[in-house]
Amino acid sequence: MKVAYYTEEGLRALKAELDQLRDVERPRASQAIAEARDKGDLSENAEYDAAKEAQGLLELKIAKLEELVASARVIDESQLDTSKVLILSTVKLKNKANNAVMTYTLVAESEADLKSGKISVSSPIGRGLLGKSVGDIAEIKVPNGTLQMEIIEITR
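What comes next concerns the included structure. In this text, all values refer to a predicted model and were calculated from it rather than measured experimentally. Here the residue index of a chain counts from 1 through its sequence in written order. Per-residue local features of the predicted model are confined to residues with pLDDT of at least 70, and side-chain atom pairs are confined, for both listing and counting, to 80 or more; whole-chain, interface and lining totals are unaffected and use all residues. In computing side-chain properties, one takes all heavy atoms of the structure into account and sets aside hydrogens as well as water.

### A closer look at the overall build of the protein
Phase 1: Think of it this way: any DSSP run of H or I at least four residues long counts as a helix, any run of E at least two long counts as a strand, and we number them from the N terminus. On a plain count of helices and strands, the protein comes out with 3 helices and 7 strands.
Phase 2: In the protein, the succession of α and β elements from N to C terminus is β-α-α-β-β-β-β-α-β-β.
Phase 3: Dimensions of the protein, computed from the C-alpha atoms along their principal axes, are close to 70 × 35 × 25 Å.
Phase 4: The cut-offs for exposure are 20% and 50% of the maximum accessible area for each residue type, with area from a 1.4 Å probe on protein chains only; residues under the lower value are buried, those over the upper are exposed, and the others partly exposed. Looking at the protein as a whole, 32% of its 156 residues are labelled buried.
Phase 5: Two residues form a contact once any of their heavy atoms are found within 4.5 Å. For the protein, restricting intrachain contacts to residue pairs at least 6 apart in sequence, the fraction spanning at least 24 positions comes to 50%.
Phase 6: Accessible surface is estimated by sampling points in the Shrake-Rupley manner with a 1.4 Å probe; for residues, cover comes only from the protein chains shown. Element-wise, carbon and sulfur atoms account for 49% of the exposed surface of the protein, whose accessible area totals about 9700 Å².

In structure tokens form, the structure reads like this:
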């Protein structure tokens, strides 16, 4: 089982989604199957087949989330080293090509949200920044070439 690292907030959201699926969606799916079964001949009942398929997909999603929660580890942010880029580091970067300055926080893949400046540690930029220190130039391979990003600042 692959260990995944989360912030407390990220793990709480994952558990809430799992609870929603188990406590609300699962009974709803069972109810839909029961209603379709009550409509007669199951061999020609497309509604029953659709409800059973939806239940199967729901159970698969629940199983995947249960596995994620079981392998999840919460990161103690107070123990993070700010001398180099790690997961949960907030990094201020300067693109050497156009001098654009940007700030990203490196997070677990499931918590990534580019709009709020959170990028996955497994993304090309995230992988390219890991382990770098202030002043280092990270060469990041992207589909249209290589970016040179200077690390200006690392915070938690």
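### Quick word on the sheet that holds strand β5 (residues 118–120)
Backbone-to-backbone hydrogen bonds join strands into a sheet, with any given pair of strands oriented parallel or antiparallel.
Phase 1: Taken together, the 5 strands give an open sheet; going across it, the order is β5-β4-β3-β7-β6, and neighbouring strands pair in mixed fashion. If you trace the sheet from one side to the other, it starts and ends with β5 and β6 (137–142), each paired once. Across the sheet, the mean angle separating the axes of adjacent strands is 45 degrees when strand polarity is ignored.
Phase 2: One requirement defines pairing of two strands: DSSP has to find at least two bridges between them. Relative to β5, strand β4 (residues 101–107) runs parallel, the two being bridged by 3 bridges. Residue pairing across strands places V107 opposite S120, the latter belonging to β5. Axis lines are fitted through C-alpha atoms, for helices just across the contact stretch, and the angle between N-to-C directions can take any value from 0 to 180 degrees.

### Description of helix α2 (residues 46–71)
Phase 1: A helix is expected to span 1.5 Å for every residue after the first. Over its 26 residues, α2 extends 38 Å from the first C-alpha to the last, a length consistent with the 38 Å expected when each residue adds 1.5 Å.
Phase 2: Residues of α2 that are buried in the fold lie against β1 (4–6), α1 (8–37) and β2 (72–74).

### Topic: the side chain of E111
Phase 1: Along the polypeptide, E111 turns up in the loop between β4 and β5.
Phase 2: Charged residues are defined here as Lys and Arg on the positive side and Asp and Glu on the negative side; His and the ends of the chain fall outside this count. Each reported salt bridge corresponds to a side-chain nitrogen of Lys or Arg within 4 Å of a carboxyl oxygen of Asp or Glu. Buried and unpaired, E111 has no salt bridge, with K118 as the nearest side chain of opposite charge at 5.3 Å.
Phase 3: Apart from the residues lying within four places of it in its own chain, the contact partners of E111 are Y5, Y6, T7, G10 and K118.

### Examining the pairing of β4
Phase 1: In terms of strand pairing, strand β3 (residues 90–95) meets β4 through 5 bridges, oriented antiparallel. Pairing of K94 across the sheet is with V101, part of β4.
Phase 2: Connecting the antiparallel pair β3 and β4 is a turn made up of 5 residues, with N99 showing a positive phi of about 60 degrees.

### Here's the deal with the pattern of salt bridges
Phase 1: What the rule picks out here adds up to 6 salt bridges.
Phase 2: Of the charged contacts, one joins E25 and R28 as a salt bridge, the two residues approaching to 3.2 Å between their closest N and O atoms. Highlighted residues: E25 and R28, both in helix α1, separated by 3 residues, approximately one helical turn.
Phase 3: Taking relative accessible area as the criterion, E25 reaches 24% and is therefore assigned partly exposed.
Phase 4: A salt bridge links K96 to E150; the shortest N-O distance between them is 3.3 Å. On the criterion of sequence distance, the pair formed by K96 in the loop between β3 and β4 and E150 in strand β7 (residues 145–155) is long-range, its members being 54 residues apart.
Phase 5: Its relative accessible area of 37% is what places K96 among the partly exposed residues.
Phase 6: Here the salt bridges do not stand alone but share partners, grouping D19, R22 and E66 into one network.

On their own, these measurements won't tell you what the molecule is for.
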